[in-house]
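Architecture at a glance
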Amino acid sequence: MKMFDYNTRASKFKFQGEVIVPGDKSIAHRAIAFGALANGVTQISNFSYSDDLTVTAQVFKELGAKIHTELSTKDMIIKGTGHKLQSLDHSLNIDNVGTLESILLGILTTSTNEYTIAGGDYLSKRPLERLVKLLTAMGGSFQPIGEDALPVKTKGSHDLKGITYQQDISSAQIKSGLVFAGIYAKTPTTIIRKLPTRDHTEVLANFFGANVVTTPETITVNPAHTNLKGQSLTIPGDFSSAALYIAGALLSEGSEIHLPKVGLNSTRIGMLNVAKQMGAHITVENCSINSVEPYGDLVIRSQQLHGTKISAKQVQFIIDEIPIIALMASQATGTTVIEGIHDVHLQLSDRIRNMRVELAKLGIVMQVNDDSIVIKGEQKIKVKDDVDSHNDHRIAMMLCIASILTETPFKIKNIESIDISYPNFLSDLKKISVAK
Ligand SMILES: O=C(O)C1=C[C@@H](OP(=O)(O)O)[C@@H](O)[C@H](O)C1
Ligand SMILES: C=C(OP(=O)(O)O)C(=O)O
(Lines give C-alpha, C1' and ligand atoms only; values in the text may rest on other atoms or scores of the structure.)
(Ligands and ions follow the chains in the order given, each with its own letter.)
Protein backbone atom coordinates (compact mmCIF):
# COMPACT_ATOMS: atom_id res chain seq x y z
CA MET A 1 0.00 0.00 0.00
CA LYS A 2 1.45 3.42 -1.02
CA MET A 3 1.57 5.98 1.78
CA PHE A 4 1.55 9.75 1.45
CA ASP A 5 4.72 11.26 2.84
CA TYR A 6 4.49 14.83 1.60
CA ASN A 7 4.17 16.26 5.07
CA THR A 8 7.13 14.55 6.72
CA ARG A 9 8.70 17.92 7.57
CA ALA A 10 7.50 19.26 10.91
CA SER A 11 6.06 22.44 9.47
CA LYS A 12 2.89 24.12 8.31
CA PHE A 13 2.81 25.37 4.74
CA LYS A 14 1.40 28.32 2.84
CA PHE A 15 0.73 28.55 -0.90
CA GLN A 16 2.59 30.89 -3.18
CA GLY A 17 2.71 31.00 -6.97
CA GLU A 18 0.63 29.73 -9.85
CA VAL A 19 -1.01 26.41 -10.64
CA ILE A 20 -2.46 25.47 -14.01
CA VAL A 21 -5.15 22.98 -13.06
CA PRO A 22 -5.94 20.08 -15.45
CA GLY A 23 -8.70 20.34 -18.05
CA ASP A 24 -12.19 19.71 -16.71
CA LYS A 25 -12.96 16.00 -16.32
CA SER A 26 -16.73 16.35 -16.38
CA ILE A 27 -16.71 18.29 -19.67
CA ALA A 28 -14.10 15.97 -21.19
CA HIS A 29 -16.23 12.82 -20.62
CA ARG A 30 -19.04 14.44 -22.57
CA ALA A 31 -16.78 15.84 -25.29
CA ILE A 32 -15.37 12.36 -25.96
CA ALA A 33 -18.87 10.87 -26.07
CA PHE A 34 -20.25 13.49 -28.47
CA GLY A 35 -17.10 13.31 -30.60
CA ALA A 36 -17.42 9.53 -30.78
CA LEU A 37 -21.09 9.69 -31.84
CA ALA A 38 -20.73 12.56 -34.32
CA ASN A 39 -19.94 12.46 -38.01
CA GLY A 40 -16.46 13.74 -38.80
CA VAL A 41 -13.52 14.84 -36.71
CA THR A 42 -13.53 16.40 -33.22
CA GLN A 43 -10.49 18.13 -31.79
CA ILE A 44 -10.34 18.56 -28.01
CA SER A 45 -7.66 20.99 -26.78
CA ASN A 46 -6.43 21.16 -23.19
CA PHE A 47 -7.49 17.57 -22.64
CA SER A 48 -5.90 16.18 -19.44
CA TYR A 49 -5.52 12.43 -19.10
CA SER A 50 -6.56 10.98 -15.75
CA ASP A 51 -7.57 7.43 -14.85
CA ASP A 52 -11.28 8.19 -15.37
CA LEU A 53 -10.78 9.81 -18.77
CA THR A 54 -8.48 7.01 -19.91
CA VAL A 55 -11.36 4.60 -19.24
CA THR A 56 -13.83 6.77 -21.13
CA ALA A 57 -11.52 7.11 -24.15
CA GLN A 58 -10.92 3.34 -24.15
CA VAL A 59 -14.65 2.52 -24.04
CA PHE A 60 -15.41 4.76 -27.02
CA LYS A 61 -12.45 3.31 -28.93
CA GLU A 62 -13.92 -0.14 -28.38
CA LEU A 63 -17.24 1.16 -29.69
CA GLY A 64 -15.53 2.18 -32.93
CA ALA A 65 -14.31 5.78 -32.55
CA LYS A 66 -10.74 6.42 -33.70
CA ILE A 67 -9.11 8.35 -30.86
CA HIS A 68 -5.54 9.55 -30.62
CA THR A 69 -3.60 12.30 -28.90
CA GLU A 70 -1.26 14.62 -30.85
CA LEU A 71 2.11 14.43 -29.13
CA SER A 72 3.11 18.01 -29.97
CA THR A 73 -0.08 19.78 -28.90
CA LYS A 74 -1.57 17.15 -26.55
CA ASP A 75 -4.90 17.69 -28.38
CA MET A 76 -7.21 14.70 -28.49
CA ILE A 77 -8.45 13.94 -32.01
CA ILE A 78 -11.55 11.80 -32.46
CA LYS A 79 -12.88 10.42 -35.72
CA GLY A 80 -16.52 9.83 -34.90
CA THR A 81 -18.58 6.75 -35.66
CA GLY A 82 -21.55 8.67 -37.06
CA HIS A 83 -23.54 6.62 -34.52
CA LYS A 84 -22.55 3.29 -36.10
CA LEU A 85 -21.40 1.57 -32.94
CA GLN A 86 -19.17 -1.48 -33.16
CA SER A 87 -20.71 -4.71 -31.86
CA LEU A 88 -18.53 -6.43 -29.27
CA ASP A 89 -17.94 -9.98 -28.07
CA HIS A 90 -16.51 -8.82 -24.74
CA SER A 91 -17.82 -6.62 -21.96
CA LEU A 92 -17.07 -2.92 -21.64
CA ASN A 93 -15.23 -2.30 -18.39
CA ILE A 94 -15.99 1.13 -16.95
CA ASP A 95 -14.19 0.67 -13.62
CA ASN A 96 -15.73 3.17 -11.16
CA VAL A 97 -16.41 6.00 -13.59
CA GLY A 98 -19.88 7.08 -12.51
CA THR A 99 -20.40 9.73 -15.17
CA LEU A 100 -19.46 7.26 -17.89
CA GLU A 101 -21.93 4.72 -16.53
CA SER A 102 -24.88 7.06 -17.08
CA ILE A 103 -23.72 8.44 -20.42
CA LEU A 104 -23.01 4.95 -21.73
CA LEU A 105 -26.34 3.51 -20.59
CA GLY A 106 -28.06 6.36 -22.45
CA ILE A 107 -26.00 5.82 -25.59
CA LEU A 108 -26.27 2.01 -25.67
CA THR A 109 -30.07 2.37 -25.39
CA THR A 110 -29.88 3.81 -28.92
CA SER A 111 -28.13 0.74 -30.39
CA THR A 112 -29.72 -2.57 -31.35
CA ASN A 113 -26.45 -4.37 -30.52
CA GLU A 114 -26.26 -6.25 -27.23
CA TYR A 115 -23.59 -5.03 -24.81
CA THR A 116 -22.43 -5.96 -21.32
CA ILE A 117 -21.12 -3.22 -19.04
CA ALA A 118 -18.97 -4.26 -16.07
CA GLY A 119 -17.60 -1.99 -13.34
CA GLY A 120 -15.39 -1.71 -10.26
CA ASP A 121 -16.27 -2.21 -6.61
CA TYR A 122 -18.16 1.05 -6.15
CA LEU A 123 -20.25 0.81 -9.33
CA SER A 124 -20.98 -2.85 -8.63
CA LYS A 125 -22.97 -1.56 -5.65
CA ARG A 126 -24.42 1.73 -6.91
CA PRO A 127 -28.13 1.38 -7.87
CA LEU A 128 -28.79 1.32 -11.61
CA GLU A 129 -32.53 1.37 -11.38
CA ARG A 130 -32.78 5.16 -11.10
CA LEU A 131 -31.73 5.60 -14.73
CA VAL A 132 -32.53 2.17 -16.17
CA LYS A 133 -36.25 2.45 -15.42
CA LEU A 134 -36.39 5.67 -17.49
CA LEU A 135 -34.42 4.22 -20.40
CA THR A 136 -36.66 1.13 -20.30
CA ALA A 137 -39.70 3.40 -20.62
CA MET A 138 -38.08 4.83 -23.78
CA GLY A 139 -37.76 1.32 -25.28
CA GLY A 140 -34.39 -0.03 -24.08
CA SER A 141 -34.00 -3.33 -22.30
CA PHE A 142 -31.58 -4.07 -19.48
CA GLN A 143 -30.75 -7.17 -17.50
CA PRO A 144 -28.82 -6.63 -14.31
CA ILE A 145 -26.70 -9.74 -13.96
CA GLY A 146 -26.47 -9.46 -10.17
CA GLU A 147 -28.56 -7.21 -7.96
CA ASP A 148 -29.54 -3.67 -9.01
CA ALA A 149 -25.97 -2.68 -10.06
CA LEU A 150 -23.29 -3.50 -12.63
CA PRO A 151 -22.68 -5.75 -14.49
CA VAL A 152 -25.66 -5.18 -16.78
CA LYS A 153 -26.64 -6.39 -20.28
CA THR A 154 -28.15 -3.77 -22.57
CA LYS A 155 -30.11 -3.94 -25.80
CA GLY A 156 -31.50 -0.77 -27.26
CA SER A 157 -33.71 0.13 -30.18
CA HIS A 158 -33.84 2.45 -33.19
CA ASP A 159 -37.44 3.08 -32.34
CA LEU A 160 -37.12 4.81 -28.98
CA LYS A 161 -39.92 7.07 -27.85
CA GLY A 162 -39.33 10.18 -25.80
CA ILE A 163 -40.65 10.35 -22.24
CA THR A 164 -41.54 13.08 -19.79
CA TYR A 165 -39.56 12.69 -16.58
CA GLN A 166 -40.37 14.69 -13.47
CA GLN A 167 -37.04 14.56 -11.61
CA ASP A 168 -37.35 12.85 -8.25
CA ILE A 169 -33.60 13.17 -7.75
CA SER A 170 -31.39 16.04 -8.90
CA SER A 171 -28.58 14.26 -10.69
CA ALA A 172 -26.58 15.58 -13.64
CA GLN A 173 -25.59 12.01 -14.49
CA ILE A 174 -29.14 10.66 -14.75
CA LYS A 175 -30.15 13.73 -16.76
CA SER A 176 -27.17 13.17 -19.09
CA GLY A 177 -28.11 9.55 -19.78
CA LEU A 178 -31.58 10.70 -20.82
CA VAL A 179 -30.24 13.51 -23.02
CA PHE A 180 -27.97 11.12 -24.95
CA ALA A 181 -30.82 8.64 -25.46
CA GLY A 182 -33.28 11.43 -26.27
CA ILE A 183 -31.16 12.77 -29.14
CA TYR A 184 -31.68 9.44 -30.97
CA ALA A 185 -35.38 8.93 -30.03
CA LYS A 186 -38.27 9.40 -32.45
CA THR A 187 -40.17 11.89 -30.27
CA PRO A 188 -39.08 14.61 -27.79
CA THR A 189 -37.99 13.83 -24.23
CA THR A 190 -38.79 16.35 -21.51
CA ILE A 191 -37.13 16.53 -18.13
CA ILE A 192 -38.99 18.59 -15.52
CA ARG A 193 -36.33 19.78 -13.12
CA LYS A 194 -36.28 19.32 -9.37
CA LEU A 195 -33.23 21.52 -8.83
CA PRO A 196 -30.73 22.67 -11.47
CA THR A 197 -27.58 20.53 -11.92
CA ARG A 198 -24.40 21.00 -13.96
CA ASP A 199 -25.40 21.69 -17.56
CA HIS A 200 -22.37 20.56 -19.59
CA THR A 201 -24.36 17.86 -21.43
CA GLU A 202 -27.06 20.23 -22.69
CA VAL A 203 -24.51 22.89 -23.67
CA LEU A 204 -22.23 20.46 -25.53
CA ALA A 205 -25.18 18.63 -27.16
CA ASN A 206 -26.21 21.85 -28.89
CA PHE A 207 -22.59 22.69 -29.75
CA PHE A 208 -22.34 19.36 -31.60
CA GLY A 209 -25.62 20.02 -33.48
CA ALA A 210 -28.37 18.53 -31.30
CA ASN A 211 -31.52 20.42 -30.38
CA VAL A 212 -31.91 20.68 -26.61
CA VAL A 213 -34.15 23.48 -25.37
CA THR A 214 -33.81 24.57 -21.75
CA THR A 215 -36.03 26.74 -19.57
CA PRO A 216 -35.65 27.29 -15.81
CA GLU A 217 -38.21 24.50 -15.26
CA THR A 218 -37.59 22.06 -18.13
CA ILE A 219 -35.11 20.50 -20.55
CA THR A 220 -36.54 19.27 -23.85
CA VAL A 221 -34.43 17.02 -26.04
CA ASN A 222 -35.69 17.04 -29.63
CA PRO A 223 -34.79 14.17 -31.99
CA ALA A 224 -31.61 15.02 -33.89
CA HIS A 225 -30.13 11.65 -34.72
CA THR A 226 -28.38 12.55 -37.97
CA ASN A 227 -27.25 16.00 -36.95
CA LEU A 228 -24.20 15.57 -34.71
CA LYS A 229 -21.06 16.91 -36.41
CA GLY A 230 -17.46 16.85 -35.16
CA GLN A 231 -16.30 20.11 -33.54
CA SER A 232 -13.16 21.78 -32.18
CA LEU A 233 -13.27 22.81 -28.57
CA THR A 234 -10.97 23.81 -25.72
CA ILE A 235 -11.62 22.44 -22.26
CA PRO A 236 -11.28 24.98 -19.42
CA GLY A 237 -9.42 24.19 -16.17
CA ASP A 238 -11.31 21.94 -13.77
CA PHE A 239 -13.03 24.02 -11.10
CA SER A 240 -13.21 20.98 -8.80
CA SER A 241 -9.40 20.76 -8.86
CA ALA A 242 -9.07 24.53 -8.41
CA ALA A 243 -11.35 24.37 -5.35
CA LEU A 244 -8.62 22.52 -3.42
CA TYR A 245 -6.11 25.32 -3.90
CA ILE A 246 -8.75 27.98 -3.24
CA ALA A 247 -9.48 26.40 0.14
CA GLY A 248 -5.80 25.82 0.97
CA ALA A 249 -4.86 29.41 0.13
CA LEU A 250 -7.78 30.88 2.07
CA LEU A 251 -6.97 28.80 5.16
CA SER A 252 -3.21 29.08 5.27
CA GLU A 253 -2.03 32.49 6.46
CA GLY A 254 0.33 34.37 4.16
CA SER A 255 -0.83 32.57 0.99
CA GLU A 256 -1.38 34.12 -2.42
CA ILE A 257 -2.00 32.00 -5.49
CA HIS A 258 -3.03 32.50 -9.11
CA LEU A 259 -5.12 29.94 -10.95
CA PRO A 260 -5.30 30.78 -14.67
CA LYS A 261 -8.06 29.69 -17.04
CA VAL A 262 -10.34 27.91 -14.61
CA GLY A 263 -13.83 26.89 -15.82
CA LEU A 264 -16.45 29.21 -14.35
CA ASN A 265 -19.69 27.56 -15.48
CA SER A 266 -22.27 28.86 -12.98
CA THR A 267 -23.52 25.32 -12.32
CA ARG A 268 -20.04 24.27 -11.12
CA ILE A 269 -18.73 27.15 -9.05
CA GLY A 270 -20.92 26.77 -5.98
CA MET A 271 -17.80 26.45 -3.81
CA LEU A 272 -16.67 29.92 -4.93
CA ASN A 273 -20.02 31.30 -3.84
CA VAL A 274 -19.81 29.43 -0.53
CA ALA A 275 -16.32 30.90 0.04
CA LYS A 276 -17.76 34.38 -0.63
CA GLN A 277 -20.63 33.68 1.81
CA MET A 278 -17.93 32.78 4.34
CA GLY A 279 -16.33 36.19 3.86
CA ALA A 280 -13.69 35.47 1.21
CA HIS A 281 -12.76 38.10 -1.39
CA ILE A 282 -11.60 36.24 -4.47
CA THR A 283 -10.50 38.12 -7.57
CA VAL A 284 -11.88 36.78 -10.84
CA GLU A 285 -10.30 38.38 -13.93
CA ASN A 286 -9.78 37.93 -17.67
CA CYS A 287 -13.14 36.20 -18.06
CA SER A 288 -13.89 34.79 -21.48
CA ILE A 289 -15.64 31.90 -23.22
CA ASN A 290 -13.77 28.86 -24.56
CA SER A 291 -15.85 27.37 -27.37
CA VAL A 292 -18.93 27.08 -25.18
CA GLU A 293 -17.77 27.15 -21.57
CA PRO A 294 -16.84 30.29 -19.56
CA TYR A 295 -13.47 30.54 -17.83
CA GLY A 296 -11.30 33.10 -16.08
CA ASP A 297 -8.27 33.64 -13.84
CA LEU A 298 -8.58 33.46 -10.05
CA VAL A 299 -6.40 35.19 -7.46
CA ILE A 300 -6.78 33.97 -3.88
CA ARG A 301 -5.21 35.33 -0.70
CA SER A 302 -5.54 33.91 2.80
CA GLN A 303 -8.45 35.28 4.80
CA GLN A 304 -10.32 34.57 8.02
CA LEU A 305 -13.59 32.84 7.08
CA HIS A 306 -16.84 32.68 9.04
CA GLY A 307 -19.48 29.95 9.19
CA THR A 308 -22.46 29.99 6.86
CA LYS A 309 -25.67 28.18 5.96
CA ILE A 310 -25.54 26.28 2.68
CA SER A 311 -29.04 25.48 1.40
CA ALA A 312 -30.24 22.33 -0.40
CA LYS A 313 -30.50 24.46 -3.58
CA GLN A 314 -26.72 25.00 -3.52
CA VAL A 315 -25.75 21.37 -2.95
CA GLN A 316 -25.73 20.26 -6.61
CA PHE A 317 -23.35 23.12 -7.37
CA ILE A 318 -20.90 21.94 -4.66
CA ILE A 319 -21.52 18.22 -5.04
CA ASP A 320 -17.86 17.23 -5.47
CA GLU A 321 -16.55 19.97 -3.17
CA ILE A 322 -18.34 19.01 0.06
CA PRO A 323 -15.23 17.43 1.64
CA ILE A 324 -13.09 20.52 1.02
CA ILE A 325 -15.90 22.83 2.16
CA ALA A 326 -16.20 20.78 5.37
CA LEU A 327 -12.49 21.37 6.01
CA MET A 328 -12.94 25.12 5.38
CA ALA A 329 -15.91 25.20 7.76
CA SER A 330 -13.90 23.52 10.51
CA GLN A 331 -11.32 26.32 10.37
CA ALA A 332 -13.79 29.24 10.11
CA THR A 333 -15.31 31.13 13.01
CA GLY A 334 -18.86 30.09 13.95
CA THR A 335 -20.89 27.15 12.71
CA THR A 336 -21.59 25.98 9.14
CA VAL A 337 -24.65 23.96 8.16
CA ILE A 338 -24.91 22.15 4.82
CA GLU A 339 -28.49 21.13 4.03
CA GLY A 340 -29.85 18.67 1.42
CA ILE A 341 -26.96 16.20 1.51
CA HIS A 342 -28.96 13.04 1.07
CA ASP A 343 -27.92 12.29 -2.54
CA VAL A 344 -24.24 12.84 -1.84
CA HIS A 345 -24.12 9.41 -0.21
CA LEU A 346 -24.42 7.97 -3.73
CA GLN A 347 -21.23 9.54 -5.09
CA LEU A 348 -18.12 7.44 -5.80
CA SER A 349 -17.71 6.36 -2.17
CA ASP A 350 -20.04 7.24 0.69
CA ARG A 351 -18.28 10.59 0.80
CA ILE A 352 -20.08 12.08 3.74
CA ARG A 353 -19.33 9.08 5.93
CA ASN A 354 -15.74 8.77 4.76
CA MET A 355 -14.86 12.43 5.21
CA ARG A 356 -16.41 12.37 8.69
CA VAL A 357 -14.47 9.26 9.69
CA GLU A 358 -11.15 10.47 8.28
CA LEU A 359 -11.38 14.06 9.52
CA ALA A 360 -12.15 12.69 12.99
CA LYS A 361 -8.70 11.07 12.90
CA LEU A 362 -7.33 14.61 12.54
CA GLY A 363 -9.43 15.80 15.48
CA ILE A 364 -12.07 17.50 13.30
CA VAL A 365 -15.59 16.47 14.21
CA MET A 366 -18.94 17.16 12.56
CA GLN A 367 -22.51 16.16 13.13
CA VAL A 368 -24.00 14.27 10.20
CA ASN A 369 -27.80 14.16 10.26
CA ASP A 370 -30.10 12.45 7.77
CA ASP A 371 -30.13 15.43 5.40
CA SER A 372 -27.66 17.93 6.85
CA ILE A 373 -24.16 18.36 8.24
CA VAL A 374 -23.30 20.70 11.10
CA ILE A 375 -19.64 21.73 11.45
CA LYS A 376 -18.40 23.88 14.29
CA GLY A 377 -15.55 26.23 13.44
CA GLU A 378 -12.16 26.93 15.00
CA GLN A 379 -11.29 23.23 15.39
CA LYS A 380 -7.58 22.80 15.86
CA ILE A 381 -6.11 19.91 13.86
CA LYS A 382 -4.90 17.24 16.32
CA VAL A 383 -3.49 14.27 14.47
CA LYS A 384 -4.56 11.03 16.18
CA ASP A 385 -3.96 8.49 13.45
CA ASP A 386 -3.02 8.05 9.81
CA VAL A 387 -5.93 8.57 7.41
CA ASP A 388 -7.32 6.72 4.38
CA SER A 389 -8.73 8.04 1.10
CA HIS A 390 -11.10 5.05 0.72
CA ASN A 391 -9.94 5.16 -2.92
CA ASP A 392 -11.88 8.39 -3.36
CA HIS A 393 -9.80 11.12 -5.04
CA ARG A 394 -11.82 13.99 -3.57
CA ILE A 395 -11.20 12.69 -0.03
CA ALA A 396 -7.50 12.05 -0.77
CA MET A 397 -6.92 15.59 -2.07
CA MET A 398 -8.89 17.22 0.75
CA LEU A 399 -6.70 15.34 3.25
CA CYS A 400 -3.58 16.63 1.48
CA ILE A 401 -4.87 20.19 1.94
CA ALA A 402 -5.52 19.42 5.64
CA SER A 403 -1.89 18.29 5.89
CA ILE A 404 -0.55 21.76 5.07
CA LEU A 405 -2.43 23.20 8.06
CA THR A 406 -0.61 21.18 10.74
CA GLU A 407 2.99 20.66 11.75
CA THR A 408 2.27 17.05 12.77
CA PRO A 409 3.02 14.64 9.90
CA PHE A 410 0.46 11.97 9.00
CA LYS A 411 0.14 9.44 6.22
CA ILE A 412 -2.70 9.14 3.71
CA LYS A 413 -3.33 5.54 2.73
CA ASN A 414 -4.48 4.86 -0.85
CA ILE A 415 -3.22 8.27 -1.91
CA GLU A 416 -2.91 6.98 -5.49
CA SER A 417 -6.66 7.53 -5.93
CA ILE A 418 -5.76 11.14 -6.83
CA ASP A 419 -4.95 9.71 -10.30
CA ILE A 420 -8.72 9.34 -10.87
CA SER A 421 -8.95 13.04 -11.69
CA TYR A 422 -5.58 14.74 -11.14
CA PRO A 423 -2.41 12.63 -11.50
CA ASN A 424 -0.08 15.66 -11.10
CA PHE A 425 -1.74 16.90 -7.93
CA LEU A 426 1.11 16.12 -5.54
CA SER A 427 3.79 17.68 -7.73
CA ASP A 428 1.64 20.79 -8.32
CA LEU A 429 0.97 21.00 -4.59
CA LYS A 430 4.66 20.77 -3.77
CA LYS A 431 5.47 23.49 -6.33
CA ILE A 432 3.37 26.10 -4.53
CA SER A 433 3.89 24.94 -0.93
CA VAL A 434 6.26 27.08 1.12
CA ALA A 435 7.16 25.94 4.65
CA LYS A 436 6.19 28.52 7.32
O1 LIG B 1 -22.36 14.61 -14.44
C2 LIG B 1 -21.23 14.66 -13.91
O3 LIG B 1 -20.18 14.84 -14.57
C4 LIG B 1 -21.14 14.51 -12.46
C5 LIG B 1 -22.26 14.66 -11.70
C6 LIG B 1 -22.30 14.53 -10.26
O7 LIG B 1 -22.91 13.30 -9.90
P8 LIG B 1 -24.52 13.12 -9.76
O9 LIG B 1 -25.16 13.39 -11.05
O10 LIG B 1 -24.69 11.68 -9.35
O11 LIG B 1 -24.96 14.08 -8.70
C12 LIG B 1 -20.88 14.59 -9.71
O13 LIG B 1 -20.86 14.21 -8.38
C14 LIG B 1 -19.92 13.75 -10.47
O15 LIG B 1 -18.63 13.87 -9.94
C16 LIG B 1 -19.83 14.21 -11.89
C1 LIG C 1 -17.72 11.17 -8.28
C2 LIG C 1 -16.99 11.69 -9.25
O3 LIG C 1 -17.05 11.31 -10.55
P4 LIG C 1 -17.87 10.10 -11.18
O5 LIG C 1 -19.25 10.16 -10.61
O6 LIG C 1 -17.81 10.34 -12.65
O7 LIG C 1 -17.15 8.83 -10.77
C8 LIG C 1 -16.05 12.80 -8.99
O9 LIG C 1 -15.40 13.23 -9.95
O10 LIG C 1 -15.94 13.28 -7.86
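Residues numbered from 1 in each chain as written. Chains lettered and ligands numbered in written order. Predicted model: local features only at pLDDT ≥ 70, side-chain atom pairs only at ≥ 80, totals over all residues. Heavy atoms only, no water.

The name an unreviewed UniProt entry assigns to the protein is 3-phosphoshikimate 1-carboxyvinyltransferase, from the organism Companilactobacillus suantsaicola. Taken verbatim from the UniProt record of the protein, the Catalytic activity (unreviewed entry) comment is "3-phosphoshikimate + phosphoenolpyruvate = 5-O-(1-carboxyvinyl)-3-phosphoshikimate + phosphate". UniProt, in its Sequence similarities (unreviewed entry) section for the protein, records the words "Belongs to the EPSP synthase family." (UniProt positions renumbered as here; feature names shortened; annotations may be inferred.)

Examining the site of ligand 1
Surveying the vicinity of ligand 1 reveals the residues Ser26, Arg30, Thr99, Ser171, Ala172, Gln173, Arg198, Gln316, Ile319, Asp320 and Gln347. Note that an oxygen atom of ligand 1 is positioned 2.9 Å from one of the backbone N or O atoms of Ala172. Gln173 is positioned with one of its backbone polar atoms (N or O) 2.8 Å from an oxygen atom of ligand 1. Here ligand 1 loses 94% of its free accessible area of 380 Å² to cover by the protein chains. Assessed atom by atom at 2 Å from the grid points, ligand 1 resides in the largest pocket. Looking at the shell around ligand 1, the elements that each hand over two or more residues are α1 (25-37) and α5 (172-183). Both domains that furnish three or more residues to the shell around ligand 1 are identified here as domain 1 (13-23 + 236-435) and domain 2 (25-234). (Near = heavy atom within 4 Å. Polar contact = N/O pair within 3.5 Å; in protein donor to acceptor, adjacent residues only side chain to side chain. Areas by Shrake-Rupley, 256 points an atom, 1.4 Å probe, with all protein chains shown as cover. 1 Å grid on protein atoms, 1.4 Å probe; cavity = no way out; pocket = protein on both sides within 12 Å on 5 of 7 lines; lining within 4 Å. Sits in = over half its atoms within 2 Å of the grid points. Helix = DSSP H or I, 4+ residues; strand = E, 2+ residues; numbered from the N terminus. Domains from an automatic or database assignment.)

Remarks on the packing of aromatic side chains
When we look at a pair of aromatic rings, we describe it by the centre distance and by the angle of the planes. The tally for this structure, following the rule as stated, stands at 8 aromatic pairs. Taking the centre distance of 4.8 Å and the plane angle of 75° together, the rings of Phe47 and Tyr49 count as edge-to-face. For Phe47, a relative accessible area of 7% translates into the label buried. With relative accessibility at 36%, the residue Tyr49 sits in the partly exposed group. Among the aromatic residues, those joined into a ring-pair cluster are Phe15, Tyr245, Tyr422 and Phe425. (Phe/Tyr/Trp six-rings, centres within 6.5 Å; stacked < 30°, edge-to-face > 60°. Buried < 20%, exposed > 50% of the residue type's maximum accessible area, 1.4 Å probe, protein only.)

Observations regarding the environment of Leu429
Note that Leu429 resides in helix α13 (residues 425-432). Assessed through its relative accessible area of 0%, Leu429 is described here as buried. Spatially, the C-alpha atom of Leu429 lies 35 Å from that of Glu62, the residues being 367 residues apart in sequence.

Digging into the site of ligand 2
Close contacts around ligand 2 come from Lys25, Asn96, Val97, Gly98, Thr99, Gln173, Asp320, Leu348, Arg351, His393 and Arg394, and that covers them all. Between ligand 2 and the protein, one listed contact pairs an oxygen atom with a side-chain N or O atom of Thr99 at 2.6 Å. Asp320 is positioned with one of its side-chain polar atoms (N or O) 3.4 Å from an oxygen atom of ligand 2. Calculation on ligand 2 without its partners gives an accessible area of 300 Å², and the protein chains cover 96% of this total. With respect to the detected pockets, ligand 2 is housed in the largest pocket.

Notes on unusual backbone geometry
Cis geometry is adopted by the peptide bond preceding Pro151, which originates at Leu150 and carries an omega value of 0°. Looking at the secondary structure, you find Pro151 in the loop between β7 (141-144) and β8 (152-155). Although it is not a glycine, Asp95 sits at a positive phi angle of roughly 50°. Here Asp95 is to be found in the loop between β5 (92-93) and α3 (98-108). The phi angle at Asn391 is positive, at roughly 55°, despite the residue not being glycine. Locating Asn391 in the fold gives a position in the loop between β21 (387-388) and α12 (393-403).

Remarks on the pairing of strand β6 (residues 114-118)
Residues Tyr115 and Ile117 of β6 are buried on one face, while the alternating residues Glu114, Thr116 and Ala118, pointing to the opposite face, are not. By the bridge criterion, 2 bridges tie β5 to β6 in an arrangement that is parallel. What sits directly across from Leu92, in β6, is Ile117. Regarding topology, α3 serves as the crossover connection from β5 to the parallel β6, and that connection is right-handed. With 4 bridges joining them, β6 and β8 adopt antiparallel strand pairing. Paired with Thr116 across the two strands is Lys153, which belongs to β8. (Pairing = 2+ DSSP bridges. Right-handed = clockwise from strand over helix to strand, strands pointing away.)

Examining the UniProt feature "binding site: phosphoenolpyruvate" (unreviewed entry) in the protein
Per the UniProt record, "binding site: phosphoenolpyruvate" (unreviewed entry) is annotated on Lys25, Gly98, Arg126, Gln173, Arg351 and Arg394. The annotated residues named above include Arg126 and Gln173 as those lining the largest cavity. Sequence-distant contacts of Gly98, defined by excluding residues within four places in its chain, comprise Leu123, Arg126 and Gln173. When its relative accessible area of 10% is taken as the criterion, Arg126 is described as buried. (Contact = heavy atoms within 4.5 Å.)

What to know about α3
For α3, the buried fraction is high: 11 of the 11 residues fall into the buried class. Every buried residue of α3 is accounted for by Gly98, Thr99, Leu100, Glu101, Ser102, Ile103, Leu104, Leu105, Gly106, Ile107 and Leu108.

Looking at helix α6 (residues 200-207)
Taken residue by residue, α6 has His200, Thr201, Glu202, Leu204 and Ala205 as its buried positions. Tucked inside the fold, the buried residues of α6 contact α1, α5, β11 (211-214), β12 (218-222), β13 (232-234) and β16 (293-301).

Some details on the packing of helix α11 (residues 351-360) against α12
Packing of α11 against α12 brings their axes to within 10 Å, and their N-to-C directions diverge by 30°. Our classification of the angle between α11 and α12 gives roughly parallel. When you trace α11 past α12, the crossing you get is right-handed. Across the interface between the two elements, Arg351, Asn354, Met355, Glu358 and Leu359 of α11 pack against His393, Arg394, Ile395, Met398 and Leu399 of α12. Partitioning the contact of α11 with α12 into residue classes produces 5 nonpolar, 2 polar and 3 charged. (Axes fitted to C-alpha atoms, helices over the stretch in contact; angles between N-to-C directions. Parallel < 35°, antiparallel > 145°, perpendicular 65-115°, else oblique. Left-handed = near helix turned anticlockwise from the far one by under 90°. Nonpolar A, V, L, I, M, F, W, Y, C, P; charged D, E, K, R; others polar.)

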